[in-house]
Amino acid sequence: MDVIRLLGIRDTSLSVDEALAAVGDHAAGGTALFVGTVREQDHGKPVTRLSYSAHPSAEDELRRVAEKVAADFPVTALAAVHRVGDLELGELAVVVAVAAPHRGEAFEACRRLIDDLKSEVPIWKHQLFADGTTEWVGACE
């Protein structure tokens, strides 16, 4: 069975429960989860909302990143889903989950998965601030 259980770039709401269910595995002794949400401030400036855009290759790049994590760590299952479109404060922007035989492996693999997603998958964030200014933040940071 493929350890990559759930991957996607979506324009609909994300679910922590869906990601956790996807990585459920009786061989796993540890499951690590990361949830990224739209926060109310960035660089000390109030954020009103943001929008994510993805390159057409983003899902393929996400798969490549997931495959690398699966090859580098003894994971039993992993999931990664990123949101695109307009998001309000508090909404989920990204959810990644990893199950592994032990907690240390799960934590390390989860950290690598989110870090590599943020640095290698072409997804861009457009932040709108309360003062009317905006900022583009590139993926592949």
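Up top you'll find the structure we're talking about.
Asks: Can you tell me about the pairing of strand 4 (residues 45-54), naming the residues and giving the values?
Replies: In this sheet, strand 4 lies alongside strand 3 (residues 41-42) in antiparallel orientation, the contact comprising 2 bridges. Bridge pairing in strand 4 places Gln 41 opposite Pro 46. Remark: 2 residues form the turn of the hairpin made by strand 3 and strand 4, two consecutive strands paired antiparallel; His 43 in that turn has positive phi of roughly 55 degrees. As defined by bridge partners, strand 4 adjoins strand 6 (residues 85-88) across 4 bridges and the pair is classed as antiparallel. Bridging across to strand 6, Arg 49 finds its partner in Glu 88.

Asks: So what's going on with the nonpolar core? Residues and values would help.
Replies: By size, the foremost hydrophobic cluster in this structure holds 31 residues, and its most contacted members are Leu 78, Val 96 and Leu 113. Within the residue set of this core, elements represented by two or more residues are strand 1 (4-10), strand 4, helix 2 (58-72), strand 5 (77-83), strand 7 (92-100) and helix 3 (103-120). The leading source of residues in this core is helix 3, at 6 residues. Not counting chain neighbours up to four residues away, the residues in contact with Leu 78 comprise Val 3, Ile 4, Arg 5, Leu 6, Val 23, Ala 66, Val 69, Ala 70, Ala 97, Val 98 and Leu 113.

Asks: So, the environment of Gly 104: which residues are in play, and what are the values?
Replies: Assignment of secondary structure puts Gly 104 in helix 3. Note: C-alpha distance between Gly 104 and Gly 29 (75 residues apart in sequence) is 10.0 Å.

Asks: With reference to specific residues and values, describe the pattern of salt bridges.
Replies: Enumeration according to the criterion identifies 11 salt bridges in this entry. Here Asp 131 and Lys 45 are joined by a salt bridge, their closest N and O atoms 3.8 Å apart. With a gap of 86 residues between them, Asp 131 in the loop between strand 8 (123-129) and strand 9 (134-138) and Lys 45 in strand 4 connect regions that are remote in the sequence. A salt bridge links Glu 61 to Arg 64; its shortest N-O distance comes to 2.9 Å. Separated by 3 residues within a single helix, Glu 61 and Arg 64 lie in helix 2, roughly one turn from each other. What makes Glu 61 partly exposed here is its relative accessible area of 23%. On the accessibility criterion, Arg 64 (37% relative accessible area) is partly exposed. One network of salt bridges, with partners in common, ties together Glu 61, Arg 64 and Glu 120.

Asks: Hey, could you go over the sheet that holds strand 1 for me, with residue numbers and the actual values?
Replies: Within the open sheet, the 4 strands sit side by side as 1-5-7-2. Their pairing is mixed. Both outer strands of the open sheet, strand 1 and strand 2 (30-37), are each paired with one neighbouring strand and no more. Across the sheet, the axes of successive neighbouring strands diverge by a mean angle of 5 degrees, strand direction being ignored. Sheet strands in contact with helix 1 (residues 16-23) are strand 1, strand 2, strand 5 and strand 7, and its direction is about 20 degrees off that of strand 7. Sheet strands touched by helix 2: strand 1 and strand 5. Its angle to strand 1, the strand with the most contacts, is close to 150 degrees.

Definitions and limits used
- Residues numbered from 1 in each chain as written.
- Predicted model: local features only at pLDDT ≥ 70, side-chain atom pairs only at ≥ 80, totals over all residues.
- Heavy atoms only, no water.
- Pairing = 2+ DSSP bridges.
- Helix = DSSP H or I, 4+ residues; strand = E, 2+ residues; numbered from the N terminus.
- Core = buried A, V, L, I, M, F, W, Y, C linked by side-chain atoms within 4.5 Å.
- Buried < 20%, exposed > 50% of the residue type's maximum accessible area, 1.4 Å probe, protein only.
- Contact = heavy atoms within 4.5 Å.
- Salt bridge = Lys/Arg side-chain N within 4 Å of Asp/Glu carboxyl O.
- Axes fitted to C-alpha atoms, helices over the stretch in contact; angles between N-to-C directions.

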